[in-house]
Amino acid sequence: MQENWQVLLKQNIKNQYVQKPQEWVDVNISTSGLLNLTLVSHSFFGLSIPQRKEQISNLLKSQVPHLSPGFLSLYTPQEAESLNISPPQIFDATSLTSWQDLAIQAANPQNQPQLPQQEPRIPRTVTFYSFKGGVGRTTALTHVASILAMRGHKVVAVDLDLEAPGLSTAFNLKPKPKYGIVDYFYERSYLPEGVDVSISITEIFGEVKIPSATGRVFVVPAGYLSLDYISKVDDLYATTVIDGDQNLWSIFKQEIQEQLKPDILLIDSRTGINQWGALSLIQAADEAIIFLFPNEQNKQGIELLLQSLQGLKNLSINFVFSPVPDVTKNGLDQVRKIWNFLLKRIKTGTDENYDTDEDESITDNEQLENDELLVVPYLVPIAFADSYPVPGTQDYYSKIANLIDEKNDELKRSSVLNIEQRWQIIENLDFPEVNAADMKHDLGLLFQRTTDFERFLDDTTCLIRGKKGTGKTALYWLFLKHKELAQKIAHGRLDNTIFLSAHGRFQESRPSRDEFQTIHQTLQQKNGTWEAFWRAYLLFRCYQEELLKFPRGKKGEKFSELKKIINNLPENIWHFESTQALLELSTNSQLRLIVKDVVSTILNQEAKEKSQKLWFLYDDLDEDFSDAGKIRQQALTGLFQLVQSCDASRLTEIRFKIFLREDIWNRLNFDNKSHFTGRDIILQWTQIDFLRLALRQAIQSKDFKNLVDRVYPIAVESIDQANEEELDKALELLWGSRRRGGNRAKKVSRWVYERLTDSSGTTFPRSLSMLLKGAKEQELTYKGKSSTKIRTERLIQGKSLEFGLKEASKKRCEEIKEEYPNLINFFDSLKGKSAFLTKNRLQKIWQDSAADIVGNFEEFASFLGEIGIIEFREKEKRYKFADIYVYGFEMIRQGAV
């Protein structure tokens, strides 16, 4: 961070005048902007007072010409000693009690030492503050208290708006306690020494009943409004010191903690700049939620407030705009401008000792999330209500409650993770990649059904599209090698279904790429069709699996030649004879008709009589068919024509499930392609699918599973039924809540999801395992290093996740090079290039490395977008490369916002 002019000025004076023992300097800027300087130095020996002032004035003019000097006190060490002038006391953060203290401190950053991070205080105190009234601050507090109680928290709400109290009325507190906090403060401020207090903590609060809440809400009112109340408020001082080292708030908090042991204290603060507002924010608050109407007057007032509060490094600040009359896009854009302006005025000090992830500084602070903008619209039921909370309005205040809950959860996580236990759990973490083809893997523990799974089961769904690494092959193997699990997670929908690999690696006896090349040439020479080939291939696979029984006697005579051809073929290995047999069945006009009859009159009919469904699964179509000479185009067209033909013949018991790479499907061109509209699904991993998979992988470690069971058991008990909030909370034990300190940083779960998602919106579950494995290994390198600040509320730090992302990106880039080997030169040319390229720059790279592959630049850029590598940002007129590829291609991420 660039040093400000006050710090530089003090340092320059030290360099010239403070070099020996007994020399010192105190620079103080008054709140009116005058520079007051006390300097003790041997350099003044033998100089008159005017000479000393002239010397220092010249220095000040050269350093800070804009500043007017105030008091200049210049002494030799002997003079200072004779006058009993000593160096100023070291700054003590606990001495800040008033707005004046804050203003002086804010004007003099040169006198502020580096403060250690304050340990979190339990219970946390959250102050609801506003610079102006009429912004719904008290209303919000009542609703938030109610929400927190519904979540099981014990909440104490305190009315410190002493000059305009109303919290007990807002809560409709009945009966009201005998006394209020004014009576409690007053007695402790003026009680003679040695006399016991008569107003106990139990006499100043009452309970509000929240229907169906598992938590509780207690309210500490200001007091009964009377002439006596007015007199007491006028006599009270928020800065009163009691018993030498305590103040009014610290005594109250200690006693309320002993009596109720609350989870959270909520303070309804006085508006504006006054002593009770200072107590609420400076002495009491761990977190401030500042309410404001989105106009210039509130903006200026809050800006002044932030300028004063910037020295409170442990105070977390959030903003709520209320009541917002215009919640349309234009209205919210205006709110967002003020919000961003205020955020820039906050000097974040809460996370200085923590890791600063490389990713933070290059993405404009992560581009603040839209869902973090807290807005409460103007609500008529709220405006006309006599008491709160108002039923049906809680959703508007839930995000405020979430902010408070989030920090409490962080403290809760820290309390269950000691250092030794933490490292043991990390060492035992395991993130196995889902490999459905490996019988050693317990797929029941690792397989994650997505929100699209029900659509996949639908009889009409025949095409499953998706990029490589999105789980197509896992689905293919699930139904072939793990049939019992497949039927279980389908909840009975597939109990009488037979699954068969019509083509793919599950069946070792299958044509290779070279054999498909031969098949293609022969079909062309003999006027055969790929549709006929796929039909013959399907029949052959059914015969191999003993699903096909030919009729006997006269009825079976017409199938005799067909039986003769396929009877003698080897079952476990694909030979030349196998290829020739299928070609004969595909090119002989008479046999083609017989094959068609077998599929419709025997195969389909037998299944119908047994109330069975036959699922034919196709995979590896991208690898087994060359793109050269349009083989892939014609072969896949023939396969889809077979599906159309079966549909036209109403073969209702035969169902196709074809797994195909998304870009291959997009480039296919054939008649009636629209037949498959609505009968296809694109494999997409939503954020909740992704979180379920992450938790499923993480709990393969017994130690981590036991930890989650202790803290958030509901998420593990039924991962598929857990909601996003429950999954998030469980995973926060693994990777924390937010990337950095403060509530404006991006949530880790969202960061991981977005970083493993390409520019077309496709997320790669395979990359998740790579990221987590890399992050674990990096985290273990911090063990025993005192120089690394460890955030104990999580197992894996932000820096480790960043390292894991790089590992995942490298692997993903290797995979895409395998998918598109003809573009390897282009991919290699990206090394050292910006991840945020102008059109001209990208066009130059294309010309040098890929113009001979794709001759038109616009077509090439469109293709890169289609396969998820880039997206065009209209506002900046640049192409942005997806993060999942940036690190693997060794691109420069600066500017890739």
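Here we summarise the structure given alongside this text. (Residues numbered from 1 in each chain as written. Predicted model: local features only at pLDDT ≥ 70, side-chain atom pairs only at ≥ 80, totals over all residues. Heavy atoms only, no water.)

This brings us to the sheet that holds strand 19 (residues 836-838). Within the open sheet, the 3 strands sit side by side as 19-21-20. Their pairing is antiparallel. Strands at the two margins of the open sheet, each flanked by one partner only, are strand 19 and strand 20 (870-873). Between one strand axis and the next, the sheet turns by 30° as a mean value, whatever way the strands run. For strand 20 and strand 21 (residues 878-881), the ladder comprises 4 bridges, and the chain directions are antiparallel. In the strand pairing of strand 21, Ile-870 is matched with Phe-881. (Pairing = 2+ DSSP bridges. Helix = DSSP H or I, 4+ residues; strand = E, 2+ residues; numbered from the N terminus. Axes fitted to C-alpha atoms, helices over the stretch in contact; angles between N-to-C directions.)

Quick look at the sheet that holds strand 15 (residues 497-503) now. Two modes of strand pairing occur in sheets, parallel and antiparallel, and in both the strands are linked by backbone hydrogen bonds. Here 5 strands make up an open sheet; going across it, the order is 15-16-17-14-18 and the pairing parallel. Sheet topology places strand 15 and strand 18 (680-682) at the edges, where each strand pairs with a single neighbour. Within this sheet the neighbouring strands show an average axis-to-axis angle of 20°, counted without direction. Both strand 14 (residues 463-466) and strand 18 contribute to a ladder of 3 bridges, which runs parallel. Along strand 18, the bridge assignment pairs Arg-465 with Ile-682.

Right, let's talk about the pairing of strand 13 (residues 374-377) for a bit. Across the two faces of strand 13 the burial is the same, with Leu-374 and Val-376 and Val-375 and Pro-377 all buried. As judged from the 3 bridges shared by strand 12 (residues 316-324) and strand 13, these two strands associate in the parallel manner. Note that in strand 13 the partner of Val-320 across the bridge is Leu-374. (Buried < 20%, exposed > 50% of the residue type's maximum accessible area, 1.4 Å probe, protein only.)

Tallied over the entire structure, the rule returns 66 salt bridges. Between Asp-333 and Arg-336 there is a salt bridge, and its shortest N-O distance comes to 3.4 Å. One end of the pair is Asp-333 and the other is Arg-336, both in helix 12 (residues 329-344) and 3 residues apart, which spans about a single turn. Notably, a salt bridge pairs Arg-661 with Glu-819, separated by 3.8 Å at the nearest N-O pair. Highlighted residues: Arg-661 in strand 17 (residues 654-661) and Glu-819 in helix 34 (residues 798-819), separated in sequence by 158 residues. Take Arg-661 and Glu-819: they sit in the same class, and that class is buried. Sharing partners across several salt bridges, the network here consists of Glu-433, Asp-622, Arg-661, Asp-663, Arg-667, Arg-766, Arg-812, Glu-815 and Glu-819. (Salt bridge = Lys/Arg side-chain N within 4 Å of Asp/Glu carboxyl O.)

Okay, the state of the cysteines next. What the rule picks out here adds up to 0 disulfides. The closest cysteine sulfur to the non-disulfide-bonded Cys-462 is located on Cys-646, 11 Å from its own sulfur. Accessibility expressed as a relative area gives 1% for Cys-462, which makes it buried. A disulfide-free cysteine, Cys-646 has its sulfur positioned 11 Å from the sulfur of Cys-542, the nearest such atom. On the basis of relative accessible area, Cys-646 is assigned to the buried category, the value being 4%. (Disulfide = S-S within 2.5 Å.)

Within the secondary structure, Asp-689 sits in helix 28 (residues 687-698). One buried charged residue, Asp-689, remains without a salt bridge, the closest side chain of opposite sign being Arg-692 at 4.3 Å. Dropping the residues within four chain positions of it, Asp-689 is found in contact with Gln-448, Arg-449, Thr-450, Thr-451 and Gln-684. (Lys, Arg positive; Asp, Glu negative; His and termini not counted. Contact = heavy atoms within 4.5 Å.)

Two elements in contact, helix 7 (residues 181-190) and helix 9 (residues 248-260), have axes whose closest approach is 11 Å; the angle formed by their N-to-C orientations is 115°. Along this stretch, helix 7 crosses helix 9, giving a crossing that reads as right-handed. Of helix 9, the residues touching helix 7 (which contributes Ile-181, Tyr-184, Phe-185, Arg-188 and Ser-189) are Leu-248, Trp-249, Ile-251, Phe-252 and Glu-255. Looking at side-chain class alone, the contact of helix 7 with helix 9 contains 7 nonpolar, 1 polar and 2 charged residues. (Left-handed = near helix turned anticlockwise from the far one by under 90°. Nonpolar A, V, L, I, M, F, W, Y, C, P; charged D, E, K, R; others polar.)

This paragraph deals with the environment of Trp-615. With respect to the helices and strands, the residue Trp-615 is situated in strand 16 (residues 613-618). Residues Trp-615 and Ser-501, 114 residues apart in the sequence, show an inter-C-alpha distance of 8.4 Å. Every residue in contact with Trp-615, bar those within four places of it in the chain, is listed here: Phe-456, Leu-457, Asp-459, Phe-479, Leu-494, Thr-497, Ile-498, Phe-499, Leu-500, Arg-655 and Lys-657.

In this section: the packing of aromatic side chains. Ring pairs (aromatic) are described by centroid distance and by the angle formed between their planes. Under the criterion given, the structure shown has 53 aromatic pairs. With 5.5 Å between their ring centres and 90° between their planes, Tyr-820 and Phe-863 make a pair best called edge-to-face. One end of the pair, Tyr-820, is in the loop between helix 34 and helix 35 (824-829); the other, Phe-863, is in helix 37 (residues 857-866), and 43 residues separate them in sequence. Of the residues examined, Tyr-820 reaches a relative accessible area of 7% and is grouped as buried. (Phe/Tyr/Trp six-rings, centres within 6.5 Å; stacked < 30°, edge-to-face > 60°.)

Before going further, it helps to examine the pairing of strand 10 (residues 264-268). Summarising burial for strand 10: 5 of the 5 residues are buried, a large majority. A two-sided burial pattern is seen for strand 10, the buried positions comprising Ile-264, Leu-266 and Asp-268 on one face and Leu-265 and Ile-267 on the other. The pairing of strand 4 (residues 124-130) with strand 10 spans 5 bridges and is classified as parallel. Residue pairing in the sheet places Thr-125 in a bridge with Leu-265 of strand 10. Bridge count for strand 5 (residues 154-159) against strand 10 is 5 bridges, and the pairing is parallel. Bridging across to strand 10, Val-158 finds its partner in Ile-267.

Here Ile-602 is to be found in helix 24 (residues 589-609). For Ile-602, a relative accessible area of 7% puts it in the buried group. Taking the C-alpha atoms as reference points, Ile-602 and Ile-853, separated by 251 residues in sequence, lie 48 Å from one another.

So, about the packing of helix 28 against helix 33 (residues 765-780). Closest axis-to-axis distance for the helix 28/helix 33 pair is 11 Å, and the angle between their directions is 45°. Between helix 28 and helix 33, the interaxial angle falls into the category oblique. Considering how the two elements wind past one another, helix 28 and helix 33 form a crossing that is right-handed. Across the interface between the two elements, Phe-690, Leu-693, Ala-694 and Gln-697 from helix 28 touch Pro-765, Leu-768, Ser-769 and Leu-772 from helix 33. Each residue belonging to the contact of helix 28 with helix 33 can be placed in one class, and the counts come to 6 nonpolar, 2 polar and no charged. (Parallel < 35°, antiparallel > 145°, perpendicular 65-115°, else oblique.)

Ranked by internal contacts, the top residues of the largest apolar core, which has 79 residues, are Phe-704, Leu-734, Trp-735 and Phe-881. With 7 residues, helix 28 is the largest single contributor of residues to this core. Setting aside anything within four residues of it in sequence, one finds Phe-704 in contact with Ile-425, Leu-429, Leu-695, Ala-698, Ile-699, Ala-730, Leu-733, Leu-734 and Leu-795. (Core = buried A, V, L, I, M, F, W, Y, C linked by side-chain atoms within 4.5 Å.)

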